[in-house]
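Letter by letter, the chains look like this.
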Amino acid sequence: MLRVAGIGLGDEVVVPAFGNVELAETATLVGAMPVFADIDPTTYCLDASAVEAAMTPRTAAVVVVHRFGRPADLTSLHALGQRHGVLVLEQGESEAPYDEIAQRRERASYLDAKLRGVRTPDGGDGHTYQNYVVRVPGNGRPDRDAFARALRAKGVDCRVPVKTPVHRLPEFRRCVSLPETERAADETLALPVDATLTKRDMQRIVSACNALGGLLQPAF
């Protein structure tokens, strides 16, 4: 999309640092410079005000990623692009059949109601729960990682969605302030909500999380 749009040497492309190293790599491949902007802490997608702050006269495009099944604020981002004459491109997520999405939403609703000691996701309009991402309170990565290890020991298949933000990778290291990106990378944990999970599976997830979550001090 960047190449077709004529973006290349001397241009800047605003991308999220929260996951998707491929976006920064693609910008580099067409000769442009990837510029990282912070995310909205609720949606984990690019924050329009952060994107605007990251823009320069060389900004040619913004690449928006819909994250974990939660749509980005396209209305604000497209309005921003129009004000500045900047192309706004979208990278969607793989779509699932309606029945599967409905089952994910059902499982997410169950977790929303039952989980304690973690911050559950804000569903919002159109959330398909490709991933059910919670925040583990505490003092950052050591707490979240210890929580994840303990869950796995109890048979819960959880994972850290973004281990290292792109602006911290050696090939794209930038001295830039992205506090919400850093916080999300330290605190987030994806719990299973697959359509194949049984009620007993869901009860085991809740039991394991609540037993551990009660030991943590809320930090929000």
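Here the residue numbering is sequential within each chain, running from 1 through the sequence in written order. Where totals are concerned, whole chains, interfaces and linings use all residues; where local detail is concerned, this predicted model gives features only for residues with pLDDT of at least 70, and gives and counts side-chain atom pairs only at 80 or more. Note that water and hydrogens are dropped before the side-chain values are worked out from all heavy atoms of the structure.

1. Here's the deal with the overall build of the protein chain
Strands here mean DSSP runs of E at least two residues long; helices mean DSSP runs of H or I at least four residues long; both are numbered from the N terminus. The helix and strand tally for the protein chain stands at seven helices and six strands. From first element to last, N terminus to C terminus, the protein chain shows the α and β order β-α-β-α-β-α-β-α-β-α-α-β-α. Compactness check: the protein chain gives a C-alpha radius of gyration of 18 Å against a globular reference of 17 Å for 220 residues, within 12% of the reference. C-alpha extents for the protein chain along the principal axes are approximately 55 × 35 × 25 Å. Buried residues in the protein chain amount to 48% of all 220 residues. A contact between two residues is defined here by any heavy atoms of the two lying within 4.5 Å. A sequence separation of at least 24 residues applies to 67% of the contacts in the protein chain between residues at least 6 apart. Using a 1.4 Å probe, accessible areas were evaluated by the Shrake-Rupley method; residue-level cover was limited to the displayed protein chains. When the accessible area of the protein chain is evaluated, it comes to approximately 11000 Å², of which 50% is carbon and sulfur surface. With C-alpha atoms as the basis for the radius of gyration, the globule rule is written as 2.2 Å multiplied by the number of residues raised to the power 0.38. Burial classification: accessible surface area is computed with a 1.4 Å probe over protein chains only, and a residue below 20% of its type maximum counts as buried, one above 50% as exposed, and the rest as partly exposed.

2. A word on the side chain of T59
The residue T59 is located in strand β3 (residues 59-65) in this model. Among the residues examined, T59 registers a relative accessible area of 10% and is labelled buried. At 2.8 Å, the side chain of T59 and the backbone nitrogen of T56 are in polar contact. The definition of a polar contact used here is a pair of N or O atoms within 3.5 Å, where within protein one atom must be able to donate a hydrogen and the other to accept one, and adjacent residues in sequence count solely through side-chain atom pairs.

3. Some points on the pairing of strand β2 (residues 33-37)
Within a regular strand, the side chains alternate between the two sheet faces. Counting buried residues in β2 gives four out of five residues, a clear majority hidden from the surface. When the strands point away from the viewer and the connection leading from the first strand across the helix to the second strand turns clockwise, the crossover is called right-handed. Running through helix α1 (residues 21-29), the crossover from strand β1 (residues 12-16) to the neighbouring parallel element β2 is right-handed.

4. Some words on the nonpolar core
Here the nonpolar core consists of buried residues drawn from Ala, Val, Leu, Ile, Met, Phe, Trp, Tyr and Cys, with membership extended through side-chain atoms lying within 4.5 Å. If you look at the biggest cluster of nonpolar residues, it comprises 24 residues, and the most contacted ones within it are L115, Y132, L151, L189 and L191. For this core, the elements supplying multiple residues, two or more each, are α4 (98-114), β5 (132-135), α5 (141-153), β6 (188-191) and α7 (199-213). At six residues, α7 tops the list of elements feeding residues into this core. If near-sequence neighbours (up to four positions away) are discounted, L115 is found in contact with T120, Y132, V134, L191, V206, C209 and N210. Judged by nonpolar contacts, the second largest core, of 19 residues, contains V15, A24, A61 and L178.

5. Thoughts on the sheet that holds strand β4 (residues 87-91)
Think of it this way: DSSP has to see at least two bridges between two strands before they count as a pair. Read from one edge of the open sheet, four strands run β2-β1-β3-β4, paired in parallel fashion. Bordering the open sheet on either side are β2 and β4, each of which pairs with just one other strand. Averaged over all neighbouring strand pairs, the angle between strand axes comes to 30 degrees, with direction disregarded. Two elements, β1 and β2, share five bridges in a ladder whose sense is parallel. Fitting a line to C-alpha atoms yields each axis, with helices limited to the stretch in contact; the angle taken between N-to-C directions then spans 0 to 180 degrees.

6. Observations regarding α1
Among the residues of α1, those classed as buried are L23, A24 and A27. The arc enclosing the buried residues of α1, seen along the axis, measures out at 95 degrees, which places them on a common side. The inward-facing, buried residues of α1 abut β1, β2, β3 and β4. Phi turns positive, to about 95 degrees, at G31, one or two residues after α1. The arc in question is the one traced by the directions running from the helix axis out to the C-beta atoms.

7. Observations regarding the pairing of β4
The sheet contact formed by β3 and β4 spans five bridges and is parallel. Bridge pairing in β4 places A61 opposite L87. In this fold, β3 hands off to helix α3 (residues 74-84), which returns the chain to β4; that crossover is right-handed.

No statement about biological role is implied by the geometric values presented.
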